[in-house]
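Chain by chain, the residues run as shown.
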Amino acid sequence: MGSDRRGAPVNPVKGAGAAEPVAAAAVAVPEAAGALKGAGPAGRRAAFGPVALVVAGGISVQFGAAVAVTLMPSAGAAGVVTLRLVAAAVVLLLVCRPRLRGHSRADWGTVVAFGVAMAGMNGLFYQAVDRIPLGVAVTLEVLGPLALSVFASRRLVNLLWAALALAGVVLLGGGGFGNLDVVGVAYALGAGVCWAVYILFSARTGRRFPQADGLALAMVVAAVLFLPIGIAQAGGKLLVPSTMALGAAVAVLSSVLPYTLELLALRRLPASTFAILMSLEPAIAATAGFLILGQALSWPQALAIALVIGASMGAVRTQIRAVSG
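Everything in this summary refers to the structure shown in the same document. (Residues numbered from 1 in each chain as written. Predicted model: local features only at pLDDT ≥ 70, side-chain atom pairs only at ≥ 80, totals over all residues. Heavy atoms only, no water.)

### Considering the overall build of the protein chain
- Scanning the protein chain from terminus to terminus reveals 13 helices and zero strands.
- Classification of the 325 residues of the protein chain by burial places 54% in the buried group.
- A total of about 13500 Å² of accessible surface is found on the protein chain, and carbon and sulfur atoms cover 69% of it. (Helix = DSSP H or I, 4+ residues; strand = E, 2+ residues; numbered from the N terminus. Buried < 20%, exposed > 50% of the residue type's maximum accessible area, 1.4 Å probe, protein only. Areas by Shrake-Rupley, 256 points an atom, 1.4 Å probe, with all protein chains shown as cover.)

### Considering the environment of Ala-296
- Counting through the fold element by element, Ala-296 comes out in the loop between helix H12 (281–293) and helix H13 (299–324).
- In this structure Ala-296 comes out as exposed when scored by relative accessible area, which is 59%.
- Placed 10 residues apart in sequence, Ala-296 and Ala-286 show a C-alpha to C-alpha distance of 7.9 Å.
- In this structure, Ala-296 is in contact with Phe-290 and Gln-301, ignoring residues within four places of it in sequence. (Contact = heavy atoms within 4.5 Å.)

### A look at unusual backbone geometry
- Residue Arg-97 is not a glycine yet carries a positive backbone phi of 45°.
- As for its placement among the helices and strands, Arg-97 is situated in the loop between helix H3 (40–96) and helix H4 (105–129).
- Of the residues examined, Arg-97 reaches a relative accessible area of 69% and is grouped as exposed.

### A short note on empty space enclosed by the protein
- Here the structure, examined in full by the defined rule, presents three cavities of 30 Å³ or more.
- By volume, the largest cavity amounts to about 190 Å³.
- Val-61, Arg-84, Met-121, Glu-141 and Tyr-259 are the residues nearest the centre of the largest cavity, which is lined by 15 residues in total.
- Elements that contribute at least two residues to the lining of the largest cavity include exactly H3, H4, helix H8 (182–208) and helix H10 (241–266).
- In terms of residue class, the lining of the largest cavity is built from eight nonpolar, three polar and four charged. (1 Å grid on protein atoms, 1.4 Å probe; cavity = no way out; pocket = protein on both sides within 12 Å on 5 of 7 lines; lining within 4 Å. Points joined across faces, edges and corners; volume = space filled by probe spheres on them. Nonpolar A, V, L, I, M, F, W, Y, C, P; charged D, E, K, R; others polar.)

### What about H12?
- Turning to H12, its buried residues are Glu-281, Pro-282, Ala-283, Ile-284, Ala-285, Ala-286, Ala-288 and Gly-289.
- Remark: Gly-294 follows H12 within two positions and exhibits a positive phi of approximately 70°.

### Observations concerning H8
- Helix length check: H8 (27 residues) gives 39 Å between terminal C-alpha atoms against 39 Å at 1.5 Å per residue, within 8%.
- Counting buried residues in H8 gives 19 out of 27 residues, a clear majority hidden from the surface.
- One side-chain oxygen at the N-terminal end of H8 lies 3.0 Å from the backbone nitrogen of Val-183; it belongs to Asp-181. (Expected span 1.5 Å × (residues − 1). Polar contact = N/O pair within 3.5 Å; in protein donor to acceptor, adjacent residues only side chain to side chain.)

### Details of the nonpolar core
- Within the largest apolar cluster, 81 residues are counted, with the highest numbers of intra-cluster contacts made by Met-118, Phe-125, Tyr-126, Leu-134, Tyr-198, Leu-215 and Met-219.
- Per-element tally for this core: the top contributor is H3, with 21 residues.
- Leave out the neighbours within four places in its chain, and Met-219 touches Leu-85, Ala-88, Ala-89, Leu-92, Met-118, Ser-255 and Tyr-259. (Core = buried A, V, L, I, M, F, W, Y, C linked by side-chain atoms within 4.5 Å.)

### Describing the pattern of salt bridges
- Inspection of the entire model under this criterion finds one salt bridge.
- The partner of Arg-208 in a salt bridge is Asp-107, with the nearest N and O atoms 2.6 Å apart. Linking Arg-208 in helix H8 with Asp-107 in helix H4, this pair joins segments that are 101 residues apart in sequence.
- Overall, the relative accessible area of 2% leaves Asp-107 in the buried class. (Salt bridge = Lys/Arg side-chain N within 4 Å of Asp/Glu carboxyl O.)

Here it is as structure tokens:
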């Protein structure tokens, strides 16, 4: 289906996800991963490539979210999302210049669903962080990918890693979330559902469109859906130069870089493993919150982060052994 931005072949099967059940699509391993079987240590090192892409995307998106929190007093949650999505759509259209012809109705349906999931994930998440702390919001949001890993995985051991990660998520929330704003909690959980859907349709989009064309088109869909909401809430504040500049920075950190990295990673990484890797997000968010927003960690929160990281690394090792052995 073409090449990545460096010209390396990726060769996903075009349209492979069209007739598959959702669970099968979530754990399908593209041909590039299958080529690693029997490769020994070299194959294991190559298998870590998509893992590094996911981690780099997580760092970018969480530090971008922390910057976005500082922008909310001037533009509001919906205004921040609008700036982020519109700026990201413009950048991706200019960089990718996606081809509009030659795609099937199923291709367009996939990219529209991807865009709707992206808009929902962004909109609900920023409504959540407007009401509850960043680290807690991400902790709740990651329950969506964790649930996906449990229901989509075909390996029993992944249930153990998901349970360990879930224990860390609960501990990170202080053992319960009863003292938090209920509406904010609901928004974060809704964002988690959209995140799980995003994972599935990101994988399908990566198989159906070359390079990052599908991502660029999906970002346009998300921006168009959210633009009226942002205008209604923020109005002329969206045109203030300083606000636009920060919004563009948030777009690059929280949309352009992470979504591109994750889309490329999902071409070589099963969505079930990707979903458990998303358990790293609370740790990254807590670090970003500390460095940018001055939010300190307690000892129970640090222990929770250790549990989540342990579960994520265990899931990665399990998947690499399955691919290479």
